[in-house]
Amino acid sequence: MATRILPAVGDADAARSVTALLSQLPDTEPAQPAASSTQLIDTLTQLAHDSMADLPEVVLVHERIGPVPALELVREVALRFPAVGVILITADTSPALISAAMDAGARGLVGLPLSYDELVARVRATGNWAVGVRKHLTAEVGAPSGPGGTVVTVSGAKGGVGTSVISIQMALAARAAGRSVALVDMDLQNGDLASYLDVQFRRSVADLADIHDITPRVLQDVVFNHETGMGLLLAPADGERAEEVSERTARQLVSALRGRYQVVVIDCGSQMTGANTAAIEVADVAALVLTPDVVAVRAAKRMVRMWERLQVRKAEETITVVNRAVRNTEIQPPLIERIVGTRIARTAVPAHFKDLQPVVDAGRMQDLDSRSVVKQAMWGLAGELGLVRSAAQHAAGRKGRARYRSDRGAVGFRRRRGDGHPGDPDGGGIAPDSATGEPDGTGR
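Residues numbered from 1 in each chain as written. Predicted model: local features only at pLDDT ≥ 70, side-chain atom pairs only at ≥ 80, totals over all residues. Heavy atoms only, no water.

> Break down the overall build of the protein chain for me, citing the residues and quoting the values.
Within the protein chain, the regular secondary structure consists of 16 helices and 14 strands. Buried residues in the protein chain amount to 55% of all 444 residues. Within the protein chain, contacts between residues at least 6 apart in sequence are counted, and of these 78% link residues at least 24 apart. Split by element, the accessible area of the protein chain, about 18,000 Å² in all, is 49% carbon and sulfur. (Helix = DSSP H or I, 4+ residues; strand = E, 2+ residues; numbered from the N terminus. Buried < 20%, exposed > 50% of the residue type's maximum accessible area, 1.4 Å probe, protein only. Contact = heavy atoms within 4.5 Å. Areas by Shrake-Rupley, 256 points an atom, 1.4 Å probe, with all protein chains shown as cover.)

Below is the structure:
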């Protein structure tokens, strides 16, 4: 069987050189190079939607790839796609770099300028390793495949639109469906998930800032096991420590959580930092929360345009969530969709603060009454985003989530595209039929 190879090369001249040499290798099927780290991850995610068999056996990562540094990209691919062998192409073949590449999860290293014999030997060894791993995994009943758990970021168009409450309730909905859940507070300066859930815990995201390899043991030390069964990773108590959390730390953290939990919900707040921006970039679903008023809608449009300029997220890759929805307002979801330029969630959260006030004041958001129309809507939103499916349903529905990502990474491998929407009937969306029009909703 031919070994499928997907190169990731940012430099155009280097890409032509790599492509020319790969075309000479025997028993291989090289694809067109991915021009960036984002395109590589998107491509692998799309290919993994159906099964592990659609993934290439070998990924070549060139040292000049970007925007994510090469070693960080190697680490992310190795964590998210453990049955794919990664080879680093670099001019630096020092023992220190070889050790760092192996620690990141690379299966080998090829020096520059490229040598035909060296590349053949490394590709053959890595491809054989990948085939062996896949045979081992597919022989086990229920063996996991694909890119790991689902990561959802929840961001606010502006402050006070309800990102924390929605994040908590979606995480609780996924946990109630029997899935392992991590809830992360990446609103690093103003995060208050601990207050909503009555938690006092001395560890936080900032404690990971100096960790170069976030292992399961490290996660165990900083994640608080909540009474609901969720794992909580909190924002630092001292807001100035937010600066300690780098983009690199955030990427490592998301990759580590994705490998350990079936669902990862990240509250990003409304202030964009390098850390939570990195989380939004690598998430499977990026939700942007707003309220149906002129100021919030303008803020949402501004946020979406900023994400596009910074190449964090395209508008079509973002889903907008309307909070505090009322029937008699002039600003309705179809208008918001036209103004902001993103798709909009079918499930809107109604304005009904009297349901929330007792549990907010008590710091017991997990005790919100199941009869509450607000809770029903937020749990319905979790269903629409695919967070409350069973493991079997989730595996069958990976194709639907592809619609939240663009097709920037199209390559020449066989793939099956789903035509479903993450809001399938099993999502259980709740329309705001019981909205009361009260002035406050789920805002912080």
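> How would you explain the pattern of salt bridges if you had to name every residue and give the values?
A complete count under the given rule lists 14 salt bridges for this structure. With a shortest N-O distance of 2.8 Å, Asp367 and Arg364 are connected by a salt bridge. A salt bridge links Arg371 to Asp369, with the nearest nitrogen and oxygen atoms 2.9 Å apart. Assessed through its relative accessible area of 35%, Asp369 is described here as partly exposed. It is possible to trace a salt-bridge network through shared partners that takes in Asp207, Arg241 and Glu244. (Salt bridge = Lys/Arg side-chain N within 4 Å of Asp/Glu carboxyl O.)

> Can you tell me about the side chain of Gln252, naming the residues and giving the values?
Counting through the fold element by element, Gln252 comes out in helix 9 (residues 247-260). Apart from the residues within four sequence positions on either side, Gln252 is in contact with Glu72, Arg75, Ile211, His212, Asp213 and Ile214.

> Summarise the side chain of Arg313; cite the residues concerned and give the values.
Within the secondary structure, Arg313 is located in the loop between helix 11 (294-309) and strand 12 (318-325). At 2.8 Å, the side chain of Arg313 and the backbone oxygen of Ile280 are in polar contact. A polar contact of 3.3 Å, which involves the side chain of Arg313, links it to the backbone oxygen of Asp284. (Polar contact = N/O pair within 3.5 Å; in protein donor to acceptor, adjacent residues only side chain to side chain.)

> Give me the lowdown on the layout of surface pockets, citing residues and values where you can.
To find leftover empty space, one rolls a probe the size of a water molecule over the atoms. Estimated volume of the second largest pocket: approximately 280 Å³. Lining the second largest pocket are 18 residues, with Thr38, Glu281, Leu310, Gln311 and Val312 positioned closest to its centre. Counting only elements with at least two residues in the lining of the second largest pocket, the list comes to helix 2 (37-47), helix 9, helix 10 (274-282) and helix 11. Ranked by residues supplied to the lining of the second largest pocket, first place goes to helix 10 with 4 residues. (1 Å grid on protein atoms, 1.4 Å probe; cavity = no way out; pocket = protein on both sides within 12 Å on 5 of 7 lines; lining within 4 Å. Points joined across faces, edges and corners; volume = space filled by probe spheres on them.)

> I'd like a rundown of the packing of aromatic side chains, residues and numbers included.
How two aromatic rings sit relative to each other is set out by the distance from centre to centre and by the angle between their planes. All chains considered together, the criterion is met by 1 aromatic pair. Each ring, one from Phe201 and one from Phe224, has its centre 5.2 Å from the other, and the planes form 55 degrees; the classification is tilted. One end of the pair, Phe201, is in the loop between helix 7 (193-196) and helix 8 (216-222); the other, Phe224, is in strand 8 (residues 224-225), and 23 residues separate them in sequence. When its relative accessible area of 30% is taken as the criterion, Phe201 is described as partly exposed. (Phe/Tyr/Trp six-rings, centres within 6.5 Å; stacked < 30°, edge-to-face > 60°.)

> Hey, could you go over helix 3 (residues 70-80) for me, with residue numbers and the actual values?
Given 3.6 residues per turn, any residue in an α-helix points the same way as the ones three and four places further on. When you tally the buried positions in helix 3, you get 9 out of 11 residues, the bulk of the element. For helix 3, the full list of buried residues reads Ala70, Glu72, Leu73, Val74, Arg75, Glu76, Val77, Ala78 and Arg80. Where helix 3 is buried, its residues touch helix 2, strand 3 (58-62), strand 4 (85-90), helix 4 (95-104), helix 9 and helix 10.

> Please give an account of the pairing of strand 5 (residues 108-111) that cites residues and values.
Of the two faces of strand 5, the one lined by Gly108 and Val110 and the one lined by Leu109 and Gly111 are each fully buried. Summarising the sheet, strand 4 and strand 5 pair through 4 bridges and their orientation is parallel. The residue bridging Ile89 from the neighbouring strand is Val110, located in strand 5. Taken together, strand 4, helix 4 and strand 5 constitute a β-α-β crossover, and its handedness is right-handed. (Pairing = 2+ DSSP bridges. Right-handed = clockwise from strand over helix to strand, strands pointing away.)

> Provide a residue-level description of the sheet that holds strand 2 (residues 28-30), including the pertinent values.
Within a sheet, adjacent strands bond to each other through the backbone by hydrogen bonds, running parallel or antiparallel. With parallel pairing, the 5 strands of this open sheet are ordered in space as 2-1-3-4-5. In this open sheet, the two strands that pair with only one neighbour each are strand 2 and strand 5. Shown here is a sheet whose adjacent strand axes are inclined to one another by a mean of 25 degrees, direction ignored. Here strand 1 (residues 3-8) pairs with strand 2 via 3 bridges, running parallel. Across the sheet, Arg4 pairs through a bridge with Glu29, a residue of strand 2. Along the sheet face, helix 3 touches strand 3 and strand 4 and points at about 175 degrees away from the line of strand 4. With respect to the sheet, helix 4 is in contact with strand 4 and strand 5, its orientation differing from that of strand 5 by roughly 140 degrees. (Axes fitted to C-alpha atoms, helices over the stretch in contact; angles between N-to-C directions.)

> Could you give me a rundown of the packing of helix 3 against helix 4, with the residues and numbers involved?
Between helix 3 and helix 4, whose axes approach to 8 Å, the crossing angle comes to 30 degrees. Judged by the angle between their axes, helix 3 and helix 4 are roughly parallel. Contacts between helix 3 and helix 4 involve Leu71, Val74, Arg75 and Ala78 from the first element and Leu97, Ala100, Ala101, Asp103 and Ala104 from the second. When the residues that make up the contact of helix 3 with helix 4 are grouped by side-chain class, the tally is 7 nonpolar, no polar and 2 charged. (Parallel < 35°, antiparallel > 145°, perpendicular 65-115°, else oblique. Nonpolar A, V, L, I, M, F, W, Y, C, P; charged D, E, K, R; others polar.)

> A description of the packing of helix 3 against helix 9 should follow, citing residues and the corresponding values.
When two helices pack together, their arrangement is given by the angle between the helix axes and the distance between those axes. Look at helix 3 against helix 9: their axes get within 9 Å of each other, and the N-to-C directions meet at 10 degrees. When the axes of helix 3 and helix 9 are compared, the pair comes out roughly parallel. At the point where helix 3 passes helix 9, the crossing takes the left-handed sense. Across the interface between the two elements, Glu72, Arg75, Glu76, Leu79 and Arg80 of helix 3 pack against Arg248, Gln252, Ser255, Ala256 and Arg258 of helix 9. (Left-handed = near helix turned anticlockwise from the far one by under 90°.)

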